[in-house]
Amino acid sequence: MAPFDDRQPDSQDAVIRVRGLVTRFGPQVVHDGLDLDVRRGEVLGVVGGSGTGKSVLLKEILGLIRPADGRIELLGRDTAGLPESERVALQARTGVLFQNGALFSSMTVAQNVMVPLREHTDLSAALAAEIARVKIAMSGLPANAGAKFPSELSGGMIKRAGLARALALDPDILFLDEPTAGLDPIGAAAFDQLIRNLQRSLGLTVFMVTHDLDSLTSICDRIAVLVDKKIRVGTLEEHLRDPHPWIHDYFHGPRGRAARHAES
Amino acid sequence: MARERAWLESSRAGDGEWRLTALGHWDLKAAGGLSGTLDGFALDGGGAVSLDLSRLDAMDTVGAYLLSALSDRLAAAGHGVDLTAIRPEHAALFNAVREVGPPPVERAQTHRPILDMLERTGRTAVDGLREGRDLLSFLGLIAITFGRLMVNPRRLRFRSVMFHIEQTGLNALPILGLLSFLIGVVLAFQGADQLRRFGAELFVVNLLGVSILREIGILMTAIIVAGRSGSAFTAQIGTMKVNQEVDAISTLGLDVVELLVVPRALALMITLPLLAFYADIMGLFGGAVMSYATLDITFGQFIRQLHGAVTLPHFLVGLVKAPVFALVIAMVGCYEGLKVSGSAESVGTLTTKSVVESIFLVIVLDAVFSVLFSFLRL
């Protein structure tokens, strides 16, 4: 067993705690007794081969899919069987950036960002508009982007707008599903940096599903690897020493080496 | 004020310097109450202000924004604002929010209601004309592609044509049959009511025969098909456009009109006359049932009277319109589908537009046909 196996809860300060998670789609078992702790204030990168259930794990933590078995705690609350009001309150403390932004196409960017503000707060319309403007600017979009519709934005700008909406309520935890997929390397690096900066200034915990080795090496504090229906969490150095064949191939393959070289 | 979630304490030192201390939780929950008090906040007299943020319990973006806006307002009122007292964990966020800066000055919109209305009217008119021109050029494109396929009929996708015949024709039979039957029932009932006053009940059959065969059968069919199949064409092609399938067709060296538009148009031009005939029969059947029920006209009498009342031209006048309507419905449906761009929302908007436009054109063309036939004395 690897030295950094996350079986023991390593921290009282885990904002996400998953224990004994089992996911099944028909006869196919995706997760089998998966444990995971995400610590407050860290950037956790989640990697794994296709079909290992990265996005499924994300959706289970968000409560969009119900696992077959196991327990998921978000900010100290068990997500199963929460009353509606507490579930909504919990959702207001998490922000999600979906892979393709998932912006509401009938609304402008500013209106998109204001949706959670209107739904969950009693801010005046003027103040909500101001807060939306601040979030849009903090997400690195130009001032005139707020009045645009999603169909008028480039892929990178859609991600930034989605990020602004995810951050609208100052969540504790930010979930990112392949945030740099589909961006050019310069845009991806800028987006990584943006996430790092926002994470520091807003004190976010970031749960990031990614395939981008540059993101993993440059902004993740720890990396969670989905292998053998379980998860192994550790720093990059720890994973580099892991003998597991998939992990070895992943981090020692040509792309993994290139990303590490670029970093050092 | 101690019960509030977040508040400001102000005091004035001996040298005239104001000291503002932010206390409590400066966050989203407090913002609703705070913004009201802060908007009217002002200090008497001038003098420097030191804004102490080091003793508040929590700060999020909204709190940082409110404090930043407060210091901007105090600075604008002529106070020198000192912001150095802040805890390091809040400084990063506070500075990030301050970097955003003030909102851009919006250019005041001048209101000219009458001119604006005229401008909108003009725009709508020009857009309508442009749409008509584009539709006409699309019709030309379809005609050219049709011509090319006549020369080389092996390029025609027969499977696709058959599929669309099934979708637009066979599957429309139940709804079209029921509606035509009911229209026949309604017409017979209303006609009988009026004609009974003249003792001319039997002429209900003439009324039914002429109106259904010439106008109502084909018009009902065209409207139902526009709603059923024209919208489906727009949605299908529009979704393909969103998925970039249409782009893929072009880059593979295939012709979009030949592959997507012509099979649909051809299928509809084959099915619509058949559907119109079916609607005629069902409408007359409905009329016959109602005539029997209310006027005691037997089926035998009905058919004999019908035989005398309508001639072949009546039937053909109705049927000859069908392929034209079919072409218009298919053309508008496909044209609007190909106009879809990017968003899923535009599929919905253009589908609605396609139905409205094709029904509009069908009725306009029907009127044109009426005028034409009256000139031809048909």
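Remember, it's a predicted structure, so these values are computed and weren't measured experimentally.

Caption draft 1: Representation of helix α10 (residues 299–309) of chain B. Residues and elements named next belong to chain B. Taken residue by residue, α10 has Phe302, Gln305, Leu306 and Ala309 as its buried positions. The arc enclosing the buried residues of α10, seen along the axis, measures out at 105 degrees, which places them on a common side. Relative to its buried face, α10 has exposed residues pointing more than 90 degrees away, namely Ile303, Arg304, His307 and Gly308. Packing partners of the buried residues in α10 comprise α7 (204–242), α9 (256–295) and α11 (312–338).

Caption draft 2: Representation of the packing of helix α5 (residues 158–168) of chain B against α9(B). Residue and element names in this part refer to chain B. It is the contact of α5 with α9, at a shortest axis distance of 8 Å, that shows an interaxial angle of 40 degrees. In terms of orientation, α5 and α9 fall into the oblique class. Crossing angle aside, the handedness with which α5 passes α9 is right-handed. Note on element contacts: α9 touches α5 through Pro263, Arg264, Leu266, Ala267, Leu268, Ile270, Thr271 and Leu275, opposite Ser160, Val161, His164, Ile165 and Thr168. Looking at the contact of α5 with α9 residue by residue, the classes come out as eight nonpolar, four polar and one charged.

Caption draft 3: Fine view of the interface of chain A and chain B. Listed per partner, the contact involves 19 residues of chain A and 20 residues of chain B. Summed over both partners, the interface of chain A with chain B buries about 1,600 Å², with 72% contributed by carbon and sulfur atoms. Among the residues chain A hides against chain B, the three largest losses belong to Leu127(A), Arg133(A) and Ser201(A). Together they make up 27% of the total. Across the contact surface, chain A and chain B share zero salt bridges. Among the secondary structure elements, those contributing two or more residues to the side of chain A that touches chain B are α4 (125–138) and α6 (185–202) of chain A. At eight residues, the largest contribution of residues to the side of chain A that touches chain B is made by α4(A). Within the side of chain A that touches chain B, the residues separate by chemical class into nine nonpolar, five polar and five charged.

Caption draft 4: Region of the structure containing the sheet that holds strand β10 (residues 230–234) of chain A. Residue and element names in this part refer to chain A. Strands sit in the order β6-β7-β8-β3-β9-β10 across an open sheet of six strands; the sheet is mixed. With one partner strand each, in any of the chains shown, β6 (94–97) and β10 form the two edges of the open sheet. With direction set aside, neighbouring strand axes in the sheet form an average angle of 20 degrees.

Caption draft 5: Spatial organisation of unusual backbone geometry. Residue and element names in this part refer to chain A. Non-glycine residue Asp170 carries a positive phi angle of around 50 degrees. Positionally, Asp170 belongs in the loop between α5 (155–166) and β7 (173–177). By relative accessible area, which is 14% here, Asp170 ends up buried.

Caption draft 6: Looking closely at empty space enclosed by the protein. Residues and elements named next belong to chain B. Tallying each qualifying case throughout the model produces one cavity of 30 Å³ or more. The computed volume of the largest cavity comes to approximately 40 Å³. Lining the largest cavity, in full, are Ser180, Ile183, Gly184, Ile212, Ile216, Gly217, Met220, Ala279 and Gly283. For the lining of the largest cavity, the secondary structure elements donating two or more residues are α6 (173–195), α7 and α9. With four residues, the single largest contributor to the lining of the largest cavity is α7. Of the residues contributing to the lining of the largest cavity, the split by class is five nonpolar, four polar and no charged.

The rules behind these values
Here the residue numbering is sequential within each chain, running from 1 through the sequence in written order. Working convention: letters from A go to chains and numbers from 1 go to ligands, in the order in which they are written. The model is predicted, so local features are restricted to residues of pLDDT at least 70 and side-chain atom pairs to those at 80 or more, both for listing and for counting; the totals for chains, interfaces and linings are taken over all residues. Calculated side-chain values reflect all of the structure's heavy atoms, with hydrogen atoms and water omitted. Only protein chains enter the calculation, and the probe is 1.4 Å; a residue is then buried if its accessible area is under 20% of its type maximum, exposed if over 50%, and partly exposed in between. Helix and strand definitions here come from DSSP, where helices need a minimum of 4 consecutive H or I residues and strands a minimum of 2 consecutive E residues; each element is numbered from the N-terminal end. Note that the arc is defined by the directions from the helix axis to the C-beta atoms. The contact rule is simple, with two residues in contact once any of their heavy atoms fall within 4.5 Å. The axes used here are C-alpha line fits, helices contributing only the stretch in contact, and every angle between their N-to-C directions lies in the interval 0 to 180 degrees. Orientation categories follow fixed angle ranges, with anything under 35 degrees roughly parallel, anything over 145 roughly antiparallel, 65 to 115 roughly perpendicular, and all other angles oblique. Left-handed describes a crossing whose near helix is turned anticlockwise from the far helix through less than a right angle; right-handed describes the clockwise counterpart. Here the nonpolar group is Ala, Val, Leu, Ile, Met, Phe, Trp, Tyr, Cys and Pro; Asp, Glu, Lys and Arg are the charged ones; every other residue, Gly included, is treated as polar. Buried area: the accessible surface (1.4 Å probe) lost by two parts on joining, summed over both. A pair is scored as a salt bridge if a Lys or Arg side-chain nitrogen falls within 4 Å of a carboxyl oxygen belonging to Asp or Glu. Two strands qualify as a pair provided that DSSP identifies no fewer than 2 bridges between them. Two kinds of site are reported from a 1 Å grid over the protein atoms alone, namely cavities, where a 1.4 Å probe fits but cannot get out, and pockets, open sets with protein on both sides within 12 Å along at least five of seven lines, and residues are called lining when an atom falls within 4 Å of a point. Grid points are joined across faces, edges and corners, and a volume is the space filled by probe spheres set on the points.

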